[in-house]
Amino acid sequence: MIRLNCFFKADEGKYDDALEAAIALTAETQLNDEGCIAYDVFESATRGEIFMICETWESAEALKAHMEAPHFKQYVPVIESCGMLKLEQFEK
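Let me begin by describing the structure that accompanies this report.

What counts and how
Residues numbered from 1 in each chain as written. Predicted model: local features only at pLDDT ≥ 70, side-chain atom pairs only at ≥ 80, totals over all residues. Heavy atoms only, no water. Helix = DSSP H or I, 4+ residues; strand = E, 2+ residues; numbered from the N terminus. Rg over C-alpha atoms; globule rule 2.2 N^0.38 Å. Buried < 20%, exposed > 50% of the residue type's maximum accessible area, 1.4 Å probe, protein only. Contact = heavy atoms within 4.5 Å. Salt bridge = Lys/Arg side-chain N within 4 Å of Asp/Glu carboxyl O. Axes fitted to C-alpha atoms, helices over the stretch in contact; angles between N-to-C directions. Parallel < 35°, antiparallel > 145°, perpendicular 65-115°, else oblique. Left-handed = near helix turned anticlockwise from the far one by under 90°. Nonpolar A, V, L, I, M, F, W, Y, C, P; charged D, E, K, R; others polar. Lys, Arg positive; Asp, Glu negative; His and termini not counted. 1 Å grid on protein atoms, 1.4 Å probe; cavity = no way out; pocket = protein on both sides within 12 Å on 5 of 7 lines; lining within 4 Å. Points joined across faces, edges and corners; volume = space filled by probe spheres on them.

## Let's talk about the overall build of the protein chain
Inference 1: A tally of helices and strands in the protein chain yields three helices and four strands.
Inference 2: When the helices and strands of the protein chain are placed in sequence order, the string is β-α-β-β-α-α-β.
Inference 3: Taken over C-alpha atoms, the radius of gyration comes to 13 Å for the protein chain, in line with the 12 Å a tight globule of 92 residues would show.
Inference 4: Looking at the protein chain as a whole, 40% of its 92 residues are labelled buried.
Inference 5: In the protein chain, once contacts between residues fewer than 6 apart in sequence are set aside, the share between residues at least 24 apart is 71%.

## Description of the pattern of salt bridges
Inference 1: Using the criterion set out here, one finds one salt bridge in the structure.
Inference 2: Here Arg 47 ties to Glu 49 by a salt bridge, and the two come within 3.4 Å at their closest N and O atoms.
Inference 3: Judged by its relative accessible area of 26%, Glu 49 falls in the partly exposed class.

## What about the packing of helix α1 (residues 15-32) against helix α3 (residues 70-81)?
Inference 1: Interaxial distance between α1 and α3 falls to 8 Å at its minimum, and their mutual angle equals 160 degrees. Here α3 runs roughly antiparallel to α1, going by the angle between their axes. The element α1 and its partner α3 pack so that their crossing is left-handed. Touching Asp 17, Ala 18, Ala 21, Ala 22, Ala 24, Leu 25, Glu 28, Thr 29 and Asn 32 of α1 are His 71, Phe 72, Tyr 75, Val 76, Val 78 and Ile 79, all from α3.
Inference 2: Residue composition of the contact of α1 with α3, grouped by class: 10 nonpolar, three polar and two charged.

## Thoughts on the side chain of Asp 33
Inference 1: One can find Asp 33 in the loop between α1 and β2 (36-43).
Inference 2: For the buried Asp 33, which has no salt bridge, the nearest side chain bearing the opposite charge is Lys 73, at an N-O separation of 12 Å.
Inference 3: When sequence neighbours within four positions are dropped, the list of residues in contact with Asp 33 reads Glu 28, Trp 57, His 66, Ala 69 and His 71.

## Brief notes about the layout of surface pockets
Inference 1: A volume near 260 Å³ is recorded for the largest pocket.
Inference 2: Going through the elements one at a time, β1 (2-10), β3 (50-57), α2 (60-68), α3 and β4 (83-91) are the ones with two or more residues in the lining of the largest pocket.
Inference 3: For the lining of the largest pocket, a count of residues per class yields 12 nonpolar, two polar and three charged.

Below, the structure is given as structure tokens:
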């Protein structure tokens, strides 16, 4: 099992665009990606420019397929263009 925490910090004025893309990515992933155990977006209660995408995958193969999916390739570049992503990965 693989767990990813993708922290996002928005550039000024870009938060809404990034969050919209993250929500769309989440919805597509939950509906379409096999091996996805959990996938959701969480907003910071104390820092208005921060959100986190929290993902849990059955295997490295499932995660790789997700990263090659059309919705990943569509929405992740949008999020990246709006600020800075920091990825934490944990494997069990």
